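# Per-entry structural report
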Amino acid sequence: MTRDGRNDAEQHPADLAGAYALHALDEHDTAVFEAHLAESERARIEAAELNDTAVALGLAVAPVQPSASLKANLMSMLASTPQLPPVPASRAAGPATTDAAASVPGATSVVPAPTSGGDAPANAAPSGAGLNRPVADIHSRNGAASSTHLSATASERAQTRWFKRPAQFLLAAAAAVALFVGGTFLGQTLNTNQFESQQASGLAQINAAADSQRAATTTADGQEATLVWSNKLGISAVLVDNLPVLPSNQDYQLWYINGEGAASAGTFDSSGDGTAWRVLEGRMRAGDQVGVTVEPNGGSDQPTSNPIVAFQS
Amino acid sequence: MLDLMTVDSAGDLAPAAPATKEALLGRVAHGDQSAFGELYDQISPRVLGLVKRLLVDHAQSEEVTQEIFLEIWQSASRYEPTRGGASTWILTMAHRRAVDRIRSSQAGRDRDTKIGIRDLAVAFDHVAETVEVRIEHERVEKAMTRLTQLQRQAVSLAYYGGLSHSEVADMLHIPLGTVKTRLRDGLIRLRDELGVAS
């Protein structure tokens, strides 16, 4: 899998459009291509069209009648299977004047529409929902810097169509978008692009991993918090809605906690609305706890306060 | 066949039209179990047909179909009817899930050794049964003939075989870059032949 095509993919991500629509990419190339999608409207149009083309191939397959027991099984599972909350009407009816996708609903029912455009990359799924993949809706400001003045209807359609892409697509794209608009990382101007793409790529990889898992909880102050991780990849990401802004002399710090103690996994700050999220530094081991504490600016060697939130992976 | 369809769908004689899949999904999003049942009745044969086309094994295909419908139940609120058909949303999810299953399990490898590359590459080995499927089938089959043989082979292996682009490269003994090009050019040709545009 790791061979010459890899660098090639990074140099010419557009070449991956066909394989992407056919679900023929591995996790790495998927992340590369989705980062490309987040940046290119033209690529999104092509991706939407090729996806529809692939679906036409699927519609040409002869149907097969499932056994009666399959339906009975399913129906009996519904009552105990939580659903993602309906999207609030206020979010779904946003003005379409500033960008084509302003009406795209936000990620969770609890996030109020932020005026800053900062928006949530992922919903907090009902805990224990058993979703293999986080499902995310996103607010499109990704093209804001370059393309808000373009009002081609084709691009509008592509924008909106983009948002009905399956979950893994949305999350990766949302990750990239959040980096630009969420405010969470805006302070980091040095090597920003590299940092952003690493972060977005990390989140996309977790999400695309076959063993992707998630746990949802609430912080001490009641904000919804989600941990997504892959044991196979050994990485995780924390997402928290509406995490309060800290004074400038403090940072949020992430920790991997296990029998050997707590190991720092990076610091971050929050803009106060939307979803603050961060792919943790270092390697996660199966069974690690993940915690977030408030620490003096720059972080501490060991936690100096009680975690505001902790997850058991 | 086309005439028959037209008469059927236009006539007032038809019993109350079944709810559209889009409308059903909207109700499912609000926890409507009977809408879910109706949606299931409408589209589960297509979902299972597609999944089984990739996985071959019937029991395993039903298992994956169950996962797909649970995901539909869970994430129905994320579907937006103004942005495309419910079938597209569901079949995209179904194909993704089938591919995930192939990649995540030994099943894929077992399957490959069992049925072999040649069968995987045969895109259309089922007899279409309904008018709707037959028409779509013929439309796609015709469009497929406009691809070069090499494009058709690569697209079929990837979509119907569920192979990754590097697996396609291995099987066909061609460079990965060539596979990418064939997949993209092949799909673009198909798109144009099928008149798919956003």
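Predicted model, so just to flag it, every value in this text is computed and none were measured. (Residues numbered from 1 in each chain as written. Chains lettered and ligands numbered in written order. Predicted model: local features only at pLDDT ≥ 70, side-chain atom pairs only at ≥ 80, totals over all residues. Heavy atoms only, no water.)

On to the packing of aromatic side chains, then. Where two aromatic rings form a pair, the distance of their centres and the angle of their planes describe that pair. Residue and element names in this part refer to chain B. Evaluation of the coordinates by the stated rule reveals seven aromatic pairs over all chains. Taking 6.1 Å as the distance between ring centres and 90° as the angle between the ring planes, the aromatic pair formed by Phe36 and Phe69 counts as edge-to-face. Within this pair, whereas Phe36 is found in helix α3 (residues 33-55), its partner Phe69 is found in helix α4 (residues 58-75), the two being separated by 33 residues in sequence. For the pair formed by Phe36 and Phe69, the shared burial category is buried. Taken together, a centroid distance of 5.2 Å and an interplanar angle of 90° make the contact between Tyr159 and Tyr160 edge-to-face. (Phe/Tyr/Trp six-rings, centres within 6.5 Å; stacked < 30°, edge-to-face > 60°. Helix = DSSP H or I, 4+ residues; strand = E, 2+ residues; numbered from the N terminus. Buried < 20%, exposed > 50% of the residue type's maximum accessible area, 1.4 Å probe, protein only.)

Look at His23 of chain A: it is not a glycine, yet its phi comes out positive at around 55°. Using a relative accessible area of 7% as the deciding quantity, one classes His23 of chain A as buried. The residue Val56 of chain B is not glycine, and still its phi comes out positive at about 70°. Looking at where Val56 of chain B falls in the secondary structure, it is placed in the loop between α3 and α4. On the accessibility criterion, Val56 of chain B (35% relative accessible area) is partly exposed.

Here we take up the sheet that holds strand β8 (residues 309-312) of chain A. Residue and element names in this part refer to chain A. Read across the sheet, four strands follow the order β5-β4-β7-β8 without closing on themselves; strand pairing throughout is antiparallel. The two strands at the open ends of the sheet, each matched to only one other strand, are β5 (261-268) and β8. Shown here is a sheet whose adjacent strand axes are inclined to one another by a mean of 30°, direction ignored. Note that strand β4 (residues 250-258) and β5 share six bridges and pair antiparallel. From the neighbouring strand, Tyr252 faces β5, where its bridge partner is Phe268. (Pairing = 2+ DSSP bridges. Axes fitted to C-alpha atoms, helices over the stretch in contact; angles between N-to-C directions.)

In a regular helix each residue adds 1.5 Å, so 19 residues correspond to 27 Å; helix α5 (residues 86-104) of chain B covers 27 Å between its end C-alpha atoms and thus fits that length. Burial within α5 of chain B is extensive, with 17 of its 19 residues counted as buried. (Expected span 1.5 Å × (residues − 1).)

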